[in-house]
Amino acid sequence: MAMAGVLAISVGLFLLTVYVPAVPPWVNWLPSMASCLMLARASWRTAKVCGRDRVARRLWRDLTVVPLLVMLGVVGDLRRAVVDPTFDGVTHDIPTAVLYGLSILSLIWMLVRLPTAQRREINHTARFALDAATVGITTGIFAWYAITHAFGSVEAAGPNVVPMVVLAALGLCGSLAFVKVSMIGMGGLDRVITRLLALAAAVGAAGGGLTPLIFDLRPGLSSSHVTISATMLVAAFAADRQRRIAGVPPEVRPRRRSSLVPYVAVAATDGLLLFVGTAAGGIFLVVAIAAVLLTALVALRQVHALLENDRLLRRVDAGQAQLAHRANHDHLTDLANRTLFEQRTREALAGSDRRAMSLALIDLDDFKAINDRLGHAVGDALLVVVAARLRECVRGDDLVARLGGDEFGLLLDGLRGTEATEVLDRITEALRRPVHALGYDLLVSASVGLAEGWADAEPQELLRRADLAMYAAKERGKGRHAVYDAELEKHQAADAELGAALRTALDNDEFTLVYQPIVRLPDGHWTGMETLVRWHRPDRGFVGPDTFIPIAERTGLIVPLGDWILRTALRQAAEWDRTYGAAAPREIGINVSARQLREPGFAGDVKEALAETGFDPERVVVEVTETAVFDGGVALDTLQNLVGLGVKVALDDFGTGHSSLGLLRTCPADTLKVDKSFVDGIGGRSEEAVIATAMIQITNGLHLQAVAEGVETAEQAETLYRLGYRFAQGYHFSRPLSPQQVASHLDGATVAA
Ligand code: C2E
Ligand code: CA
Ligand code: CA
């Protein structure tokens, strides 16, 4: 750094003047001038790079003036030294002293002009003025005393010494001002910078005052010859730092409220007073001691009040910290809340050009069911345990948040790919242990979606991707995780396209119904028909219900579609009755989805459709999945209303959902449809075979009917019969049939009869 070089030259030159009488003292002013100019230029450049930081920009622009004023003062001294070889180098002529004074005054004025970070601006300015006065008076007294007593030789200088004392005092005030500013954190200025500037001001002020110390070395030498360069160098360090941190927001640190400065000043003056008093003796000493005691007492009293104040303010601070914590955290689990999560996501993305990061969304499967069935207290206890387990699975600097309800968020800073999915594996594993909540041992699982951050990612987009992945995970079956990729996006687009097509399909009569017989064992006589919906898209052909029913449920389209299915099936059943009388299928099964059961008017719609067709409600079987009713609440109420109409209820896919046998007590079911997966395993000694056996025993015990689904072979049918099953359904007996196929079968049957 060039300015360090200038300082080195100053020191060298200074030593040279001390030891080589041929060198005139005034040459020492030349490096000082150079350093002033250099600092002025550095300040000006610094002001320009401050950009949007208005406060810093103004500070550095104003600071350009100070070294220029100092330089003009130096020119004054130089001029005098050149024209007057007897110049002592200590005292300044009045214009020069005014220039130096102006430089310090402009420094102070600049600081006073800074916007305060706090509201109590006037208060603060007043306190600053008081502190400055205290220090000014103290420095003045000391300087006066030092110059008039310790260095009697200067007395010859006479009244010219006054400007020097004033300058030293002013300089120290300027320094103090910077210290104050850095402590209070005025206007968001960087503390290191303000402290460096304070140091610069102090060095400059002290520099002038040190001259009497070197007075004996050689007349005409001034300590300022070195200290001006030093001052400018320190200030240049501050400028340098300002340029480096330009654009980085200043940190907000708690501020210290009281300053030691006045006490140090009072103590120092008291010391001087005692010293002088002792020398004078007599009544003067007594008065001095009394004054010292008095000031000490007043100071003590004030310190006491300040300590008390500090204590109170700390308590307020603690309260405030608590409030801030509450605003950013979830009350129940004490995890971060959505606000904090989104904020931290934004921050992580802003700083992620070098670092990897991943975001995961975690949704508990079937939490609502637990909440509804066991009560909110149990649900809350469950969430607390889950929160603790999630925290166990991540490192300290990862963020776990509760985003609402049973949804959690995870911010994995620095992780991606397998590193991130390993965390998700740990989570899945941790949640597998039963959760003990208020006396219940609950099994929970969670679906997790993961998305990786990328350069210039938008937080909302990252969240959307994680959300998409989470839904994909849920669709693939519970308790899994999925990672976002472009494939998912295509999937989503295909779903959206299907959803749109579904909307028009109903109007365009693209749906048809087929009917699969439910038969009696062992003779295979038709006792009922299950209604199954089919969709033929004119442009793309057949679409299976496993594909479109979930989408229809999500979009709500299942409600009008279900209504159409219900009316069409009942009309069909009534027609079979009219045509075939006693030979017509006795029962008609209709699949009803969870979404339909939650629709408030659903039972009313069924009643209406029954009235319209005149079909006997006792012969209608509504097939619902366990999961739909396990959710409890409205769905269960609807079911009760249906039972009130006389309609029967079958629990579909029994054994694959929650399979809580307790459900059989709350849910008014008449029939269990034992899922195909149990039927498939029935031949061997597998777990499924054991369950199929247990299930028939349970249904018999509870006087329920059991229907075995998906029977594909004669052996299966035989085994089922042996186990006690009396009703079955499956390709072995018949595939789902169109109304025409049903009619031709029934026609044949009537002929045969
Ligand atoms: P589900 O209610 O369990 O219907 C039985 C499914 O098993 C039907 O498939 C049927 O064709 C098939 N199936 C019957 N016997 C056998 C067999 O021996 N082997 C095999 N491999 N499969 C057999 P489908 O028609 O594709 O329906 C699939 C699911 O879509 C249904 O499962 C049901 O959940 C839903 N679904 C179908 N129609 C409707 C409807 O009208 N409304 C509602 N809400 N859902 C429906
Ligand atoms: Ca069914
Ligand atoms: Ca089924």
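Model, not experiment: these values are computed from the prediction.

Caption draft 1: Highlighting the overall build of the protein chain. Check the secondary structure of the protein chain and you find 29 helices and 16 strands. Looking at the 753 residues of the protein chain, the share that counts as buried comes to 47%. In the protein chain, 70% of the contacts between residues at least 6 apart in sequence involve partners at least 24 apart. Only carbon and sulfur atoms are counted for the fraction: they give 60% of the accessible area of the protein chain, which is about 37,000 Å².

Caption draft 2: Focus on a nonpolar patch on the surface. Side chains of Val 11, Leu 15, Leu 16, Tyr 19 and Val 20 sit close together on the surface and give an oily, nonpolar patch of about 450 Å² of accessible area. Considering the arrangement of structural elements, one finds Val 11 in helix 1 (residues 2-19).

Caption draft 3: Structural context of the environment of Ala 505. Following the sequence through the fold, Ala 505 ends up in helix 18 (residues 486-507). Residue Ala 505 is classed as buried on the basis of its relative accessible area of 0%. For the pair Ala 505 and Pro 538, spaced 33 residues apart in sequence, the C-alpha separation works out to 9.4 Å. In this view, Ala 505 contacts Glu 510, Phe 511 and Trp 535; residues no more than four positions away in its chain are not counted.

Caption draft 4: Seen up close, helix 2 (residues 29-49). A rise of 1.5 Å per residue sets the reference length of helix 2, with its 21 residues, at 30 Å; its end C-alpha atoms lie 31 Å apart and thus fit the reference within 8%. As for helix 2, its buried residues are in contact with helix 1, helix 3 (54-63), helix 4 (65-83), helix 5 (94-113) and helix 10 (224-245).

Caption draft 5: Structural view of the sheet that holds strand 3 (residues 407-413). Overall, mixed pairing links the 5 strands, which are arranged 2-3-1-6-7 in an open sheet. Every other strand in the sheet has two partners, leaving strand 2 (399-404) and strand 7 (481-483) as the edge strands with one partner each. Ignoring strand direction, the axes of neighbouring strands in this sheet form an average angle of 20°.

Caption draft 6: Looking closely at unusual backbone geometry. Across the junction of Leu 521 and Pro 522, the peptide omega takes the value 0°, indicating a cis bond. Positionally, Pro 522 belongs in the loop between strand 8 (511-520) and strand 9 (526-537). In this model, Asp 366 sits at a positive phi of 60°, which is unusual for a non-glycine residue. By secondary structure assignment, the location of Asp 366 is in the loop between strand 1 (357-364) and helix 14 (367-374). The residue Asp 653 is not glycine, and still its phi comes out positive at about 50°. The residue Asp 653 is located in strand 13 (residues 648-654) in this model.

Caption draft 7: Fine view of the coordination of the calcium ion (ligand 2). Within the protein, the calcium ion (ligand 2) binds to Glu 530 (OE), Asn 591 (OD1), Glu 623 (OE) and Asp 652 (OD); these donor distances fall in the range 2.1 to 2.3 Å. Sequence positions of the residues that donate to the calcium ion (ligand 2) give the spacing E-x60-N-x31-E-x28-D. The distance between the calcium ion (ligand 2) and the calcium ion (ligand 3) is 4.0 Å, with Asp 652 acting as a donor to both metals. Residue Glu 530 is found in strand 9, and its partner Asn 591 is found in strand 11 (residues 587-591); the two are separated by 61 residues along the sequence.

Caption draft 8: The site of ligand 1, seen in detail. With respect to spatial proximity, 21 residues lie near ligand 1, and among them Gln 516, Arg 534, Asp 652, Glu 712 and Tyr 731 are the closest. Contact between ligand 1 and Asp 653: an oxygen atom at 3.2 Å from a side-chain N or O atom of the residue. Glu 709 is positioned such that a nitrogen or oxygen atom in its side chain is 3.5 Å from an oxygen atom of ligand 1. Here ligand 1 has 790 Å² of accessible area as a free molecule, and 81% of this is covered by the chains.

Caption draft 9: Structural context of the coordination of the calcium ion (ligand 3). Taken together, Asp 652 (OD), Asp 653 (OD), Glu 709 (OE) and Glu 709 (OE) make up the protein donors of the calcium ion (ligand 3), found 2.1 to 2.6 Å from the metal. Counting the intervening residues between successive donors of the calcium ion (ligand 3) yields the motif D-D-x55-E.

Caption draft 10: Highlighting the environment of Val 292. Positionally, Val 292 belongs in helix 12 (residues 282-328). Assessed through its relative accessible area of 15%, Val 292 is described here as buried. Ignoring sequence-local partners within four residues, the contact set of Val 292 consists of Asp 270, Leu 273 and Leu 274.

Caption draft 11: Geometry of the side chain of Arg 537. Among the secondary structure elements, Arg 537 is positioned in strand 9. Since its relative accessible area comes to 7%, Arg 537 is described here as buried. At 3.1 Å, the side chain of Arg 537 forms a polar contact with the side chain of Glu 497. Beyond its immediate sequence surroundings of up to four residues, Arg 537 is in contact with Glu 497, Leu 498, Ala 501, Glu 510 and Val 543.

Caption draft 12: Examining the packing of helix 1 against helix 2 more closely. Close contact between helix 1 and helix 2 brings their axes to 9 Å; oriented N to C, the two are set at 165°. With respect to helix 2, the axis of helix 1 lies roughly antiparallel. By crossing handedness, the relation of helix 1 to helix 2 is classed as left-handed. Here Ala 2, Met 3, Val 6, Ser 10 and Leu 13 of helix 1 come into contact with helix 2, specifically with Pro 31, Ser 35, Met 38 and Leu 39. Taken together, the residues of the contact of helix 1 with helix 2 break down into 7 nonpolar, 2 polar and no charged.

Caption draft 13: Focus on the packing of helix 14 against helix 15 (residues 376-393). Across the interface, helix 14 lies against helix 15 with an axial gap of 6 Å and an inter-helix angle of 140°. In terms of orientation, helix 14 lies oblique with respect to helix 15. From helix 14, Phe 367, Ile 370, Asn 371 and Leu 374 reach across to helix 15, where they touch His 376, Val 378, Gly 379, Leu 382 and Leu 383. Across the contact of helix 14 with helix 15, the residue classes break down as 6 nonpolar, 3 polar and no charged.

Caption draft 14: Summary view of the pairing of strand 12 (residues 620-625). The element strand 12 is extensively covered by neighbouring structure, given that 5 of its 6 residues are classed as buried. Here 4 bridges tie strand 11 to strand 12, and the two strands are oriented parallel to one another. Its bridge partner being in strand 12, Asn 591 is matched across the sheet by Glu 623. As paired strands, strand 12 and strand 13 are joined by 5 bridges and run parallel to one another.

Caption draft 15: Representation of the nonpolar core within the structure. In this structure, Ile 588, Leu 651 and Tyr 725 are the most contacted members of the largest nonpolar core, which totals 77 residues. The leading source of residues in this core is helix 20 (residues 558-580), at 10 residues. Leu 651 has contacts with Val 624, Thr 625, Glu 626, Val 629, Leu 663, Leu 664, Cys 667, Ala 669, Thr 671, Leu 672 and Lys 673, leaving out every residue within four places of it along the chain. Grouped together as the second largest cluster of nonpolar side chains are 40 residues, Trp 60, Val 66, Val 226 and Val 234 included.

Caption draft 16: Broad picture of the pairing of strand 8. With 8 of its 10 residues buried, strand 8 lies for the most part within the structure. Here strand 8 pairs with strand 9 via 9 bridges, running antiparallel. Opposite Pro 517, over in strand 9, you have Met 529 as the bridge partner. Here strand 8 pairs with strand 16 (residues 727-728) via 2 bridges, running antiparallel.

Caption draft 17: Expanded view of the packing of aromatic side chains. Tallied over the full model, the rule gives 5 aromatic pairs. Each ring, one from Phe 511 and one from Trp 535, has its centre 5.7 Å from the other, and the planes form 35°; the classification is tilted. One end of the pair, Phe 511, is in strand 8; the other, Trp 535, is in strand 9, and 24 residues separate them in sequence. Ring geometry for Phe 511 versus Phe 548: centroids 5.8 Å apart, planes at 45°, classification tilted. Taken together, the residues Phe 511 in strand 8 and Phe 548 in helix 19 (residues 545-555) connect sequence positions 37 residues apart. We classify Phe 548 as buried; its relative accessible area is 0%. What links up through ring pairs into an aromatic cluster is the set Phe 511, Trp 535, Phe 548 and Trp 564. In this structure, Arg 465 packs its charged tip against the face of Trp 454, placed 4.1 Å from the ring centre. Geometry around Tyr 731 places Arg 735 over its ring, the cationic atom sitting 3.9 Å from the centre.

Analysis parameters
Residues numbered from 1 in each chain as written. Chains lettered and ligands numbered in written order. Predicted model: local features only at pLDDT ≥ 70, side-chain atom pairs only at ≥ 80, totals over all residues. Heavy atoms only, no water. Helix = DSSP H or I, 4+ residues; strand = E, 2+ residues; numbered from the N terminus. Buried < 20%, exposed > 50% of the residue type's maximum accessible area, 1.4 Å probe, protein only. Contact = heavy atoms within 4.5 Å. Areas by Shrake-Rupley, 256 points an atom, 1.4 Å probe, with all protein chains shown as cover. Patch = residues over 30% accessible without salt bridge, like charges linked within 9 Å, V, L, I, M, F, W, Y side chains within 5 Å. Salt bridge = Lys/Arg side-chain N within 4 Å of Asp/Glu carboxyl O. Expected span 1.5 Å × (residues − 1). Pairing = 2+ DSSP bridges. Axes fitted to C-alpha atoms, helices over the stretch in contact; angles between N-to-C directions. Donors = N, O, S within 2.8 Å, 3.2 Å for Na, K, Ca; no water. Near = heavy atom within 4 Å. Polar contact = N/O pair within 3.5 Å; in protein donor to acceptor, adjacent residues only side chain to side chain. Parallel < 35°, antiparallel > 145°, perpendicular 65-115°, else oblique. Left-handed = near helix turned anticlockwise from the far one by under 90°. Nonpolar A, V, L, I, M, F, W, Y, C, P; charged D, E, K, R; others polar. Core = buried A, V, L, I, M, F, W, Y, C linked by side-chain atoms within 4.5 Å. Phe/Tyr/Trp six-rings, centres within 6.5 Å; stacked < 30°, edge-to-face > 60°. Lys NZ or Arg CZ within 6 Å of the ring centre and 35° of its normal.

In short, the description is geometric, and any link to function would need to be established separately.
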